[in-house]
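One letter stands for each residue in the lines below.
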Amino acid sequence: MAALGPAQTARTGWPGAPSLGLLVWCVALVVFALLWAYAGTLAPWAQEWPRAWTPRVAATISTFMRWLVDEASFGLFTFIEFTRFLSAMVEAPYRFVLSILSTGFLSGQGSQAVQIAPPVSWAGVIGVFVIAAHAAGGRKLALLAVVCLGFILLFGQWASAMVTLASIVVAVPIGAVGGLLLGIAAVRWRGFERAISPVLDLMQTIPIFAYLVPILFLFGFGPVAAILATIIYAMPPMTRIAIVALRGVAPEIRDLGRMTGCTRRQMTWRVMVPAAMPGLMVGVNQVIMLSLNMVIIASMIGAGGLGFDVLSALRRLDFGAGLEAGVAIVALAVLLDRTSQAFARRTVQRAHADGAGILARHPHLAAGTAVLVASFLAGLVAPPLARWPQAWELSTGTFWSELVRWINVNFFDELEAVKNALLLNVLIPFKRFLLGLPWLGVALLGGVAGWALSGFRLAALVVVLSTLIAVSGLWDQAMTTIYLCGISVVFALMIGVPIGVWSADRPAVWRVVQGVIDTLQTLPSFVYLMPVVMLFRVGDFTAMIAIVAYALAPAIRYTAHGLQQVDPRLIEAGRAAGCTPFQLLVKIRLKLALPEIMLGVNQTIMLALSMLVITALVGTRDLGQEVYIALTKADTGRGIVAGLAVAFIAIIADRLISAGAARARARLGLSAEGGGR
Amino acid sequence: MPDTEAPEAAAKLVCRSVWKFFGPDAERLGKAADAGTLRSDQLAGATAVAAVRDVSLSIREGECFVIMGLSGSGKSTLVRCMSRLVEPSAGEILFDGENLLAASDRRMIEIRRRHMGMVFQNFALLPHLTVLGNVAFPLEVQGVARARREARAMEMIGLVGLSGREHFFPRELSGGQQQRVGIARSLAVEPDLWFLDEPFSALDPLIRREMQDEFMRLQSVLKKTIVFITHDFDEAIRLGDRIAIMKDGAVVQVGTPEEIVLAPATDYVSEFTRNVTRAKVVKVAALSSPADGTTGGDTVGEVSDRATIAEAAPLFGQAGTRLLVKDRDGSIVGVLERERVSAMMMQG
Ligand SMILES: Nc1ncnc2c1ncn2[C@@H]1O[C@H](COP(=O)(O)OP(=O)(O)OP(=O)(O)O)[C@@H](O)[C@H]1O
Ligand SMILES: [Mg+2]
C-alpha cells in the first residue's frame, strides 16, 4: 500500500502521505476486525440494521406513483395525458412500420378490417437486406444476410421476427437521435452534463426490471410500453458515447470551426457531429444491440414477436422451441450488427467516386427499389413468394429436447458431483463469510479503499451508498448479491483473461473468438439459463453458471483489446531489449493493457449484476429476487427500492474500479483523453 | 515596451501586455496582471501555468511575422489569444485599431469570417468533406451560394497545385497535399490576417522544404499579413521578415533575422543562432560601406542591397574586390568590399 503514497502526496500536498496511507489502512483494518468480533454482542445495530429503524420508503414510492397517475397535473395537462402523448408519439410510427413488415395496411376495425395493401413479402425483405448488406460490406455480408434471414424463414420464425424487427426499427432511431441530442446538450452546457451524468450512471447500472415495473404502471401492457422501455434502456449508452465522441473531436477541428466563424448551430451540425461520426456510429450500433438485448425482457410487458416466443417456451420448459426462437433473435442481431458496423466503416473510409448519373452513383438504391417492386408483383402471381408455406418449415426442437434428456439420464452423477463439490467448498463458505460481516465494517473498508484510490469524495460516496443499503433493510440480500456476482466475476475472469491473452495476437484465432463472444453477447440472457436449469436444476450453482456464461464476453474482449492497443513501438523496444515472449507479455503488454482490462472487469461486473434478476427465476435469494417479486406483484415501491440497491452496488464497484483504472493509466503516463492526438 | 504610437498606427495587430494563465487561480492572476499588481512571488507560488507572459507585439501590415520557440513555450496559446480562440487572461489585442477583447460574439464571428484565416499543424481537415468541400467550407458557413463558393474554391485549389484532386477525401492525400488543402481553405475567404500554427511541422524534411518554397511563392503573390508559428529556427529565418523568440511564455527578442543573428539578446537566443550560416542571413546593406568618389574603376558588378551576402559572393568572380550596391530604386547606395565578405564567409 505504500506504493499509493506518491500520488497521495502529489494530490493532497501532505508531505507525510505514504505513512498516512498505511496508517489509515491499518486503523481501518483494526476497527473492522473489532466490529466483526464484537459488534454482534456490543452494538448489534452495527452488525445488522434493526428492522424497526427501517423507513417505509417502498410504501411511500408506491403511494406517490398512484398519485402521479390519478391526480398529478402540470397545469396545462395532467401527468397521464403526458404519458398518453408519449405513447402516441411511439405508437404511430410503430403501427406504420408494422403495417409494412407484417400486417399490411388495413382499413376498418378489428375483424372487419380489409387489407388495402399487403405487407412487403419475405422475398422483398430479404432482397432489400441483401442489397443493403452488399452496399455496406460487399459479397460476404450479402451472403450473411441470406443465411440469417434464410434461417428465420426456414424455421418458421418469420412472422415473429418481423414484429420484433418493427419494434427495433422504431426504437433505434428514437434512441440514437435522442441520445445524440442529449450528448450535444451535455457537451454544450456543463451544468446539464453535471445534472444528467449521475442519472446516466444510474440508468446503466439499474436493472431493467426495476423500471419495467413503473413503465408497466404508467403505460400499460403492450408493444408501446415495450418500445419505451427499450428506448430508456438504450439511450443512456448512446448519450455517453455521443459525449465521448464529441469531446474526442480534435481541438484543432474545433478551433477550425471557430476560426471560420461558425455559429453555434453550424459548429454543432457542420463540424462537431460530422467529425465525431465514427464514434457516433459505434453508439448507433450499440443502440441496435441493446434493443435486441431487450427483446425478451420487453416481451414481459407486451412486446410480442420473437421475445414472446422464447419467454413462453421457457415457461413451458420447451427447450427446443425456445432455442429456435432464441437463435432467430441472434440471427437478427448478428445481421443488424454486422450491417450497421459495415455502414459505419463505409462512412469513415468512403473513397471518392467520379460517377455521373444518379443510377451510376446509387446503384444499390436503384436495385433495392427494383427488388421491392418485383417482389410485390411476384407475390401477386405466386402466393408462396408472398407468404412462406407452413409445410416448408423445418424444426429441430425435438432433437434438442431429446439431447438434454439424454445427457441428464447418462451423466447425472458426474454433473451432480461437480455441482456439489463447488457448492460445498466454494460457494457456501463464501456466502457464510459475507453474510457474517458487520455492515458498518464493510462500509468503512469500502470508504478507505475509495479514499486511497481517489480521495474523500469517493470515500464519502461509498460510505453513504453502503449505509443506505443497510438502512433500507436489504443488507442480507445485497450481500447475497455480492457473493453471487463476486464468485461469477472471478470465474469469468479466470476463464476470460487467459482466452483474451491467447487470442490477442493471433488474428485468425481472434476472429473466431470475436465471432463467438459477439454471439454470446447478443444471445438473450434467458437462453443461458435454459440448458443450465435442465442440467443442474434450480439453485445458486445454476445461477452462477448462467452469469459466468453471460459475463464472459467482456472479460475476453477487453483483455484482447487492451493487448492489441499497446503501442507496437513499445513492444518493439521490449523485443530489442531482449525480452522473452513471456517477459514481453507480463512486463510490457499486460502492464500497459491494465487500464483497459480493468474496464473489462468493470463491464463484467455490470453484466453480472444485470443478470441477477433473470437468475431470480431459478430461486436465488438476492436483490434480483426482490425485484422479481415486485414485478409479479406490480409493487412499484418495492421494485424501485431493490433496484436502487443493485444500482448502488453497481455504482460503488464502478467508481472504485474506474478510479483504479485512472490511477493505473496516470501511472503509465497514458492520458485519459486520447493522448494520441 | 518602447512601442511608440506611430508604428502602432500602421500595425495590423497589436498585443499589449497579454497574459494567459491556465489553472485554478487563472482569473485572480489575470485580474492582478491587468491591474499591474502582479508580483513575481505571486507567480511562483501559483498553481496556474502562465502560458503567455506579458507579451507586447505589433504586427505590421504586409509583413511575415514569425513566432519561434521550443515546444511548450506558449506559441500556440499566443496565436490563439490573437484570434481570441483562447481568451487572454489580461492585456489588450487591437486588430486594425479595434479592441478584440471587447468585441461581441457576433462581431468576433464577423471578424473571423471576413478577416482571418488559419492553418493548423495537423491540418484539421473535415474528414467527411472532399477537398473541394473542405476548401469551400468557410464560404459555405458564410452562406455563399454553391456555384460561387465552388468556383472560388477551385481557384484556390489551383493556386496550391491540387487541381484534379478536388473530389478526393482528405485520407486519400499525403501529408503535404493535406496541408495544401488547409492552406487553400484558409485563403478562400481572402483574409487580411493569416495565422499559420506550425503548418509544416508534421511533414517530412523534404516535403517541408518544398512547402516552404510554395509558401514563399504564395506570399510573393498575395502579400498577406502573416503570423507564422514554428519551432524551427531555420524555417524562421528563411520565411520571416521579423521574428519573435519565445521562452516560457515570454518574448525574449523581436527583430529581423539579421538583427537576431548579429546581436542575439540572450544566451538562449544565441543558442539558436550559433549554427546559422551568417552569410545566408545577413543582407548586403549591413556590410556595405558608403559610396565614395571612386565609383566605377575597380568594381566588377552590382548587387541589390537586399541580397544576402551568400548571394552576393559569387558575383566577385575570381579577383574582383568591390561590388556596387544599389537599392530598390536602382540608385547607388554604397560599395561592398571583398574582404568583409570573405571575413563573414569564414565565420560560417
Ligand atoms: N488548455 C490548457 N490547459 C492547461 N494548460 C495549457 C493549455 N494549453 C496550453 N497549456 C500549457 O501552456 C503552455 C504552452 O502551451 P502551447 O501549446 O502554447 O505551447 P507551444 O509553444 O505551442 O508548444 P508546441 O510547439 O508543442 O505546440 C504549456 O506548458 C501547456 O502545457
Ligand atoms: Mg503549438
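Reading the values: rules and limits
Residues numbered from 1 in each chain as written. Chains lettered and ligands numbered in written order. Predicted model: local features only at pLDDT ≥ 70, side-chain atom pairs only at ≥ 80, totals over all residues. Heavy atoms only, no water. Helix = DSSP H or I, 4+ residues; strand = E, 2+ residues; numbered from the N terminus. Buried < 20%, exposed > 50% of the residue type's maximum accessible area, 1.4 Å probe, protein only. Contact = heavy atoms within 4.5 Å. Areas by Shrake-Rupley, 256 points an atom, 1.4 Å probe, with all protein chains shown as cover. Patch = residues over 30% accessible without salt bridge, like charges linked within 9 Å, V, L, I, M, F, W, Y side chains within 5 Å. Salt bridge = Lys/Arg side-chain N within 4 Å of Asp/Glu carboxyl O. Buried area = accessible area lost by both parts, 1.4 Å probe. Polar contact = N/O pair within 3.5 Å; in protein donor to acceptor, adjacent residues only side chain to side chain. Nonpolar A, V, L, I, M, F, W, Y, C, P; charged D, E, K, R; others polar. Near = heavy atom within 4 Å. Domains from an automatic or database assignment. Core = buried A, V, L, I, M, F, W, Y, C linked by side-chain atoms within 4.5 Å. Pairing = 2+ DSSP bridges. Phe/Tyr/Trp six-rings, centres within 6.5 Å; stacked < 30°, edge-to-face > 60°. Lys NZ or Arg CZ within 6 Å of the ring centre and 35° of its normal. 1 Å grid on protein atoms, 1.4 Å probe; cavity = no way out; pocket = protein on both sides within 12 Å on 5 of 7 lines; lining within 4 Å. Points joined across faces, edges and corners; volume = space filled by probe spheres on them. Axes fitted to C-alpha atoms, helices over the stretch in contact; angles between N-to-C directions. Parallel < 35°, antiparallel > 145°, perpendicular 65-115°, else oblique. Left-handed = near helix turned anticlockwise from the far one by under 90°.

## Digging into the overall build of chain B
Scanning chain B from terminus to terminus reveals 15 helices and 14 strands. Principal axes of the C-alpha set define a box for chain B whose edges measure 65 × 60 × 35 Å. Each of the 348 residues in chain B was classed as buried or not, and the buried ones make up 53%. Counted over contacts in chain B with a minimum sequence separation of 6, partners at least 24 positions apart contribute 65%. If you sum the accessible surface of chain B, you get close to 15500 Å²; carbon and sulfur atoms cover 50% of it.

## Focus on unusual backbone geometry
Within the chain, Ala 124 of chain B stands out as a residue other than glycine whose phi angle is a positive 50°. Structurally, Ala 124 of chain B can be placed in the loop between strand E6 (116–119) and helix H6 (131–142).

## Some points on a nonpolar patch on the surface
Residues and elements named next belong to chain A. Nonpolar side chains collect at one region of the surface, where Val 128, Leu 372, Val 373, Phe 376, Leu 377, Leu 380 and Val 381 lie side by side and expose about 650 Å² of accessible area between them. Looking at the nonpolar patch element by element, the count peaks at six residues for helix H18 (residues 363–381). Mapping Val 381 onto the fold places it in helix H18.

## Let's talk about the interface of chain A and chain B
Facing the 22 residues of chain A at the interface are 30 residues of chain B. When chain A packs against chain B, the two sides together hide about 2300 Å² of surface, and 60% of this comes from carbon and sulfur. There are two salt bridges connecting chain A and chain B. Two residues, Glu 140 of chain B and Arg 270 of chain A, come together in a salt bridge whose shortest N-O distance is 3.1 Å. Where chain A meets chain B, there are nine residue pairs in polar contact (both at pLDDT 80 or more). Only helix H11 (251–259), helix H12 (264–275) and helix H16 (319–349) of chain A provide two or more residues apiece to the side of chain A that touches chain B. Here the side of chain A that touches chain B is composed, by residue class, of nine nonpolar, seven polar and six charged.

## Quick notes on the site of ligand 1
Residues and elements named next belong to chain B. In the vicinity of ligand 1, the contacting residues are Phe 22, Ala 51, Leu 70, Ser 71, Gly 72, Ser 73, Gly 74, Lys 75, Ser 76, Thr 77 and Glu 198. At 2.8 Å, a side-chain N or O of Lys 75 approaches an oxygen atom of ligand 1. The contact in question runs from an oxygen atom of ligand 1 to an N or O atom on the side chain of Ser 76, over 2.7 Å. Per-element tally for the shell around ligand 1: the top contributor is helix H4 (residues 75–82), with three residues. In terms of residue class, the shell around ligand 1 is made up of three nonpolar, six polar and two charged.

## What about the domain arrangement of chain A?
All names here are of chain A. Segmenting chain A into domains produces domain 1 (45–58 + 411–667) and domain 2 (77–106 + 117–349 + 358–401). Inter-centroid distance (C-alpha atoms) of domain 1 to domain 2 is 28 Å. Taken together, the contacts link 31 residues of domain 1 with 28 residues of domain 2. Note on domain 1 versus domain 2: buried area summed over both sides is about 2700 Å², and carbon and sulfur give 83% of it. For the pair domain 1 and domain 2, the interface holds zero salt bridges. The interface formed by domain 1 and domain 2 includes zero residue pairs in polar contact (both at pLDDT 80 or more). Sorting the residues of the side of domain 1 that touches domain 2 by element identifies helix H24 (507–522), helix H25 (525–536), helix H28 (581–615), helix H29 (623–633) and helix H30 (636–668) as the ones contributing at least two each. By residue class, the composition of the side of domain 1 that touches domain 2 is 22 nonpolar, six polar and three charged.

## A look at the nonpolar core
Trp 158 and Leu 292 of chain A together with Met 82 and Phe 195 of chain B are the most contacted members of the largest nonpolar core, which totals 216 residues. Among the elements that make up this core, the one with the highest residue count is H28 of chain A (16 residues). Excluding residues within four positions of it along the chain, Phe 195 of chain B makes contact with Met 259 of chain A together with Val 79, Met 82, Ser 83, Met 116, Gly 117, Met 118, Val 119 and Val 227 of chain B. Formed by 46 residues, the second largest nonpolar core is a distinct cluster that contains Leu 162, Leu 196, Phe 228 and Ile 243 of chain B.

## Brief notes about the sheet that holds strand E14 (residues 332–337) of chain B
The sheet built from four strands is open, its strands ordered E11-E14-E13-E12 (chain B) with mixed pairing. Here the strands that pair on one side only, and so sit at the sheet edges, are strand E11 (289–290) and strand E12 (299–304) of chain B.

## A look at the side chain of Gln 212 of chain B
Residues and elements named next belong to chain B. Take Gln 212: it is sitting in helix H9 (residues 205–222). A relative accessible area of 5% means that Gln 212 is categorised as buried. Among the polar contacts made by the side chain of Gln 212, one reaches the side chain of Glu 235 at a distance of 2.6 Å. For Gln 212, the residues in contact, after removing those within four places along its chain, are Phe 200, Glu 235, Arg 238 and Leu 239.

## Examining the pattern of salt bridges
Residue and element names in this part refer to chain B. If you walk through the whole model with that rule in mind, you get 35 salt bridges over all chains. One salt bridge connects Glu 61 with Lys 12, and the closest N-O pair in it is separated by 3.9 Å. With a gap of 49 residues between them, Glu 61 in the loop between strand E2 (49–60) and strand E3 (64–69) and Lys 12 in strand E1 (residues 11–22) connect regions that are remote in the sequence. The buried category is assigned to Lys 12, whose relative accessible area is 5%. Taking the shortest distance from any N to any O, the salt bridge between Glu 198 and Lys 75 comes out at 3.6 Å. Pair noted here: Glu 198 is in the loop between strand E7 (193–197) and H9 and Lys 75 is in helix H4, with a separation of 123 residues, a long-range link. The class for Glu 198 is buried, based on a relative accessible area of 6%. In the salt-bridge network here, residues are joined through shared partners; they are Lys 12, Glu 61, Asp 96 and Asp 192.

## A look at the sheet that holds strand E4 (residues 90–95) of chain B
Residues and elements named next belong to chain B. Strand order in the open sheet made by the four strands is E2-E1-E4-E5, with antiparallel pairing throughout. The sheet terminates laterally at E2 and strand E5 (98–99), the two strands that pair on one side only. Pairing of E1 with E2, which is carried by eight bridges, proceeds in the antiparallel orientation. Bridge pairing in E2 links Val 18 to Val 55.

## Focus: the packing of aromatic side chains
Tallied over the entire structure, the rule returns 14 aromatic pairs over all chains. Directly above the ring of Trp 189 of chain A sits Arg 188 of chain A, whose terminal nitrogen or CZ lies 5.4 Å from the centroid. Over the aromatic face of Tyr 268 of chain B sits the side chain of Lys 247 of chain B, whose NZ or CZ is 5.2 Å from the ring centroid.

## Regarding the layout of surface pockets
Residues and elements named next belong to chain B. The computed volume of the second largest pocket comes to approximately 1000 Å³. Lining the second largest pocket are 28 residues, with Ile 237, Arg 238, Gly 240, Asp 241 and Lys 283 sitting closest to its centre. If one sorts the elements of the lining of the second largest pocket by residue count, H9 sits on top with five residues. Here the lining of the second largest pocket is composed, by residue class, of nine nonpolar, eight polar and eleven charged. Of the domains in this structure, domain 1 (61–88 + 102–277) and domain 2 (280–346) are the two that each give at least three residues to the lining of the second largest pocket.

## Brief notes about the environment of Gln 219 of chain B
Residue and element names in this part refer to chain B. In this fold, Gln 219 is placed in helix H9. Classification of Gln 219 as buried rests on a relative accessible area of 13%. Expressed as a C-alpha distance, the spacing of Gln 219 and Gly 62, which sit 157 residues apart in the sequence, is 9.5 Å. Residues within four places of Gln 219 in sequence aside, it is in contact with Gly 62, Lys 224 and Ile 226.

## Observations regarding the packing of H6 of chain B against helix H8 (residues 175–187) of chain B
All names here are of chain B. Between H6 and H8, the least distance of the axes is 7 Å, while the angle of their chain directions is 30°. One finds that H6 runs roughly parallel with respect to H8. In this structure, H6 meets H8 at a crossing whose hand is right-handed. For the pair formed by H6 and H8, the contact residues are Val 131, Asn 134, Val 135 and Pro 138 on the first element and Val 181, Ala 184 and Arg 185 on the second. Looking at the contact of H6 with H8, its residues break down into five nonpolar, one polar and one charged.

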